[in-house]
Amino acid sequence: MKIQSVRGMNDVLPVDAAAWQHVYAVAAQVFAAYGYGELRLPVVERTELFKRAVGEVTDVVEKEMYSFEDRGGENLSLRPELTAGVVRAGIEHGLLFNQQQRVWCTGPVFRYERPQAGRYRQFHQLDVEAFGIPTPDVDVEIIAIAAQLWRRLGMSGFTLELNSLGTPASRAVHRAALVEYLSLHEAALDDDSKRRLGTNPLRVLDSKVPATQAIVANAPQLLDHLDAVSLAHFAAVRQGLDDLGIPYVINPRLVRGLDYYTHTVFEWTTTQLGAQSAVCAGGRYDGLVQQLGGPQTTGIGFGLGIERLIALMALQNVPVADNRPHIYFCRFGAAAERDAMKLAEQLRIDMPQLRLVLNAGGGGLKSQLKRADASGARYALILGDEETAARCVQVKSLRGEGEPNQCPWSELAAQLSARLAL
RNA sequence: GUGGGCGUAGCUCAGUUGGUUAGAGCUCCGGAUUGUGAUUCCGGAGGUCGUGGGUUCGAGUCCCAUCGUCCACCCCA
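Residues numbered from 1 in each chain as written. Chains lettered and ligands numbered in written order. Predicted model: local features only at pLDDT ≥ 70, side-chain atom pairs only at ≥ 80, totals over all residues. Heavy atoms only, no water.

Asks: Tell me about the overall build of chain A, residues and numbers included.
Replies: The secondary structure content of chain A amounts to 15 helices and 16 strands. Its C-alpha atoms give chain A a radius of gyration of 28 Å, clearly above 22 Å, the size a compact globule of 422 residues would have. Here the C-alpha coordinates of chain A stretch approximately 95 × 55 × 45 Å along the principal axes. Buried residues in chain A amount to 49% of all 422 residues. Nonlocal contacts in chain A, meaning residues at least 24 apart in sequence, comprise 69% of its contacts between residues at least 6 apart. (Helix = DSSP H or I, 4+ residues; strand = E, 2+ residues; numbered from the N terminus. Rg over C-alpha atoms; globule rule 2.2 N^0.38 Å. Buried < 20%, exposed > 50% of the residue type's maximum accessible area, 1.4 Å probe, protein only. Contact = heavy atoms within 4.5 Å.)

The structure is reproduced here in C-alpha cells:
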C-alpha cells in the first residue's frame, strides 16, 4: 500500500507557503492594531468540552469529530473549532472573571467530512474573540477587524451578511412559532427539512428546495420576534457599521450552525469559491462562558477559514510578499568555492534582510546560472578563479538590469545594499 | 453517510472498432568554441498504464471488484 497523506489532510508545499506566511504576517499585524493578544492552545481537548460548547445535537459533534480514548481511558477529541478551547483556557486561567479580554488564536482544526472544493478534514482557522464587553460597539469592532484584514490583504468582492438571533428567550419564542407553522405543512416539506424540523428548525428557512421555499416564504420571521433589547442591540450594530462605511446585507435566514450564538451573527461570503461561500463567520455568544462553567460574561468572535481565504487570494491575484532569493551565488574552482562560502556568510551578517542562495553540489557555470534563474533571484554573483585572484566578484543582473560588473569584495555589501535597497 | 466524474512519465494530457518495443508538451540532465541564465537547435533520463481478478490468441482500451482523487448533497471555515 502506497503511503500518502490522510484523506482531506493536505500538505502545503514551499511554492504555496509564501501565501500562508503572508496571511499570518498581515493578520498578526491587524490583530495587534486592535490590541488583541495571541492565545496558543492545544489541538486536543476533552470531548466533553466540545459537546457542551458546540451542542450535543449538532452535526459537528454528532458525526464530524475525531474522538478517541487515550491510554489512560480519557475521551479526547481533535478540536473541530477554536472558540471552545479559547473559552476553556480563559476560564482555566482566570482571564474571564469580571474583565475584558481581546484575544486571537490560530491553528489546525479537524472535521470528519467528505472533502470537496474548499473543504478539508484538517483545515486552518484564524479566530478572534472579545470577552466581557456586552455592548454592540465591540460587535462592530470584531466585524471591522475582518474588513481591515481584507483591506490590508488587498481583497475585494465579499458580502457581509448580518442577522440577529436575539436573546435566548426571544429565540425560543420564535422557534416555537416556527415549529408550529412548519408542522402544519410538514407533509409538503422535503425529507431534509422534515429531519431539520426536529433538530434545527431554523435551518429549514435556508432550504434550497423550491417547494420548501414556498412554505418558508410565509413562515414566522426571527426578526419579528426580537425583544426590545435585542432590537436595540441590532440597530446599534448596524449604525456602527454604517458609521465605518462597512456595507452589509441583512439576511433573516442567516443561522449559524453552532448552538451557542445569541444576538449578532454574521458571515463574510463570496460567490467565487464554488459551493463554499463562507470565508469568515461568527457572532455573539453571551451564554457560552457560563455554560462551560465560567462566570457570566459575554463573548463575540469569528472564525476565518485560511484555506478558503488563500484560494480566494489566488483567484483575485492578490500579491503576496516575495520570499524568493535576492541573490544566487555561483562559484567554481577549489579556492574560489571556499572564498565564496566565506563571502556569502559575511553578506548575511552585513545584510540581515538579504536572501542569498549559495550554490551547492557543484556544476558548471552554465548549470549554476540556470539554477540561479530558476530560483527567481534578481542577481547572480559569480566567483571563479579569475575573480578570486583579483579579489572581486562579478555582479550580474538576471532580470535585464544593466550589464555585469566586477565588484571588489570590500565593496560588495555596499553595492548590493544599494541595488536591492536593503 | 448519499450521488456523479476521473485515475497513462515529476506536471498537463493524447492513445483509433482490443493488435508489435505506450507517445507529446512542460520540467530535469548533457551538448552546440574551454567561464555566462531565461530564447533557438540536438541528445538523454524518466511509465509494473492506481491495484486485484475476469473475458480474449492478444487488454492502456471490454467486464467486475477495490483503493485513491475531484465535484456536488448534507453540513460547514
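Asks: Give a detailed account of the sheet that holds strand E3 (residues 67-69), specifying residues and quantitative values.
Replies: Reading across the sheet, the three strands line up as E2-E4-E3 and stay open at both edges, with antiparallel pairing between neighbours. The outermost strands of the open sheet, each flanked by one partner alone, are strand E2 (44-46) and E3. Neighbour-to-neighbour, the strand axes of this sheet turn through a mean angle of 35 degrees, independent of strand direction. Here three bridges tie E2 to strand E4 (residues 75-78), and the two strands are oriented antiparallel to one another. By the bridge assignment for E4, valine 44 is matched with leucine 78. Lying on the sheet, helix H2 (residues 47-54) is in contact with E2, E3 and E4; it crosses E2 at an angle near 75 degrees. (Pairing = 2+ DSSP bridges. Axes fitted to C-alpha atoms, helices over the stretch in contact; angles between N-to-C directions.)

Asks: Can you lay out the side chain of threonine 270 for me, pointing to particular residues and giving the numbers?
Replies: Within the fold, threonine 270 resides in the loop between strand E9 (262-269) and strand E10 (278-284). At 3.0 Å, the side chain of threonine 270 and the backbone nitrogen of glutamine 272 are in polar contact. Not counting the four nearest positions on each side in its chain, threonine 270 is found in contact with Gly157, Gln276, Ser277, Val279 and Leu312. (Polar contact = N/O pair within 3.5 Å; in protein donor to acceptor, adjacent residues only side chain to side chain.)

Asks: Please give an account of helix H7 (residues 191-199) that cites residues and values.
Replies: Within the span of H7, buried status applies to Ser193, Arg196 and Leu197. For H7, the angular spread of the buried residues around the axis is 115 degrees, confining them to a single face. Turned more than 90 degrees from where H7 packs its buried face, Asp191 and Gly198 sit exposed. Looking at the buried residues of H7, the elements they touch are helix H6 (168-184) and helix H8 (210-216). (Arc of directions from axis to C-beta.)

Asks: Account for the pattern of salt bridges, with residues named and values stated.
Replies: For the coordinates displayed, the defined rule picks out 14 salt bridges. Of the charged contacts in the structure, one is a salt bridge between lysine 63 and aspartate 59, with a shortest N-O distance of 3.5 Å. With lysine 63 and aspartate 59 both in helix H3 (residues 59-63) and four residues apart, the pair spans about one turn of that helix. Owing to a relative accessible area of 37%, aspartate 59 belongs among the partly exposed residues under this scheme. Close ionic contact of aspartate 139 with arginine 284 constitutes a salt bridge, the shortest N to O distance being 2.5 Å. A residue pair is termed long-range when its members are at least 10 positions apart, and aspartate 139 in helix H5 (residues 136-153) and arginine 284 in strand E10 qualify at 145 residues. Considered together, aspartate 139 and arginine 284 belong to a single accessibility category, that of buried residues. (Salt bridge = Lys/Arg side-chain N within 4 Å of Asp/Glu carboxyl O.)

Asks: I'd like to hear about the confidence of the model for chain A, residue by residue, with values.
Replies: Of the residues in chain A, 99% have a pLDDT of 70 or more, and the chain-wide mean is 92. Taken element by element, chain A is modelled with least confidence in H7, mean pLDDT 79, and with most confidence in H5, mean pLDDT 98. (pLDDT = per-residue confidence, 0-100.)

Asks: A description of the protein's contact with RNA strand B should follow, citing residues and the corresponding values.
Replies: In the neighbourhood of RNA strand B, 46 residues make up the surrounding shell, with Arg111, Arg119, Arg196, Arg203 and Leu398 lying closest. A breakdown of the atoms of RNA strand B within 4 Å of the protein gives sugar and phosphate a share of 54%. Note that a sugar or linking oxygen of RNA strand B is positioned 2.3 Å from one of the side-chain N or O atoms of arginine 111. Looking at the surface near RNA strand B, the elements with two or more residues in it are H3, strand E6 (122-131), H7, E10, helix H13 (365-375), helix H14 (385-390) and strand E15 (392-397). (Near = heavy atom within 4 Å.)

Asks: Please provide a residue-by-residue account of the pairing of E9, values included.
Replies: Burial runs high along E9: eight of the eight residues are buried. Pairing analysis gives six bridges linking strand E7 (residues 159-164) to E9, with the strands arranged antiparallel. Looking across to E9, one finds that leucine 162 is bridged to phenylalanine 266. With six bridges joining them, E9 and E10 adopt antiparallel strand pairing. Looking at the pairing, tryptophan 268 lines up with cysteine 280 of E10.

Asks: With reference to specific residues and values, describe the packing of helix H1 (residues 14-33) against H5.
Replies: Where H1 contacts H5, the axes come no closer than 10 Å and their chain directions differ by 135 degrees. One finds that H1 runs oblique with respect to H5. Crossing of H1 over H5 shows right-handed handedness. On H5, the residues that touch His22, Val23, Val26, Ala27, Gln29, Val30, Phe31 and Ala33 of H1 are Ile145, Gln148, Leu149, Arg152 and Leu153. Its residues assigned to classes, the contact of H1 with H5 comprises nine nonpolar, three polar and one charged. (Parallel < 35°, antiparallel > 145°, perpendicular 65-115°, else oblique. Left-handed = near helix turned anticlockwise from the far one by under 90°. Nonpolar A, V, L, I, M, F, W, Y, C, P; charged D, E, K, R; others polar.)

Asks: Pulling in residues and values, what's your account of the domain arrangement of chain A?
Replies: Segmenting chain A into domains produces domain 1 (14-167 + 227-315) and domain 2 (327-420). Using C-alpha coordinates to define each centre, domain 1 is positioned 47 Å away from domain 2. (Domains from an automatic or database assignment.)

Asks: Help me get a handle on the sheet that holds E9, residues and values and all.
Replies: The mixed open sheet is built from eight strands, whose spatial order is E1-E5-E6-E11-E10-E9-E7-E8. The open sheet has two edge strands with one neighbour each: strand E1 (37-38) and strand E8 (249-250). Here two bridges tie E1 to strand E5 (residues 101-110), and the two strands are oriented parallel to one another. Paired with glycine 37 across the strands is valine 103, a residue of E5. Strands in contact with helix H9 (residues 228-244) are E7, E8, E9 and E10; relative to E7, the strand with the most contacts, it is inclined by about 160 degrees.

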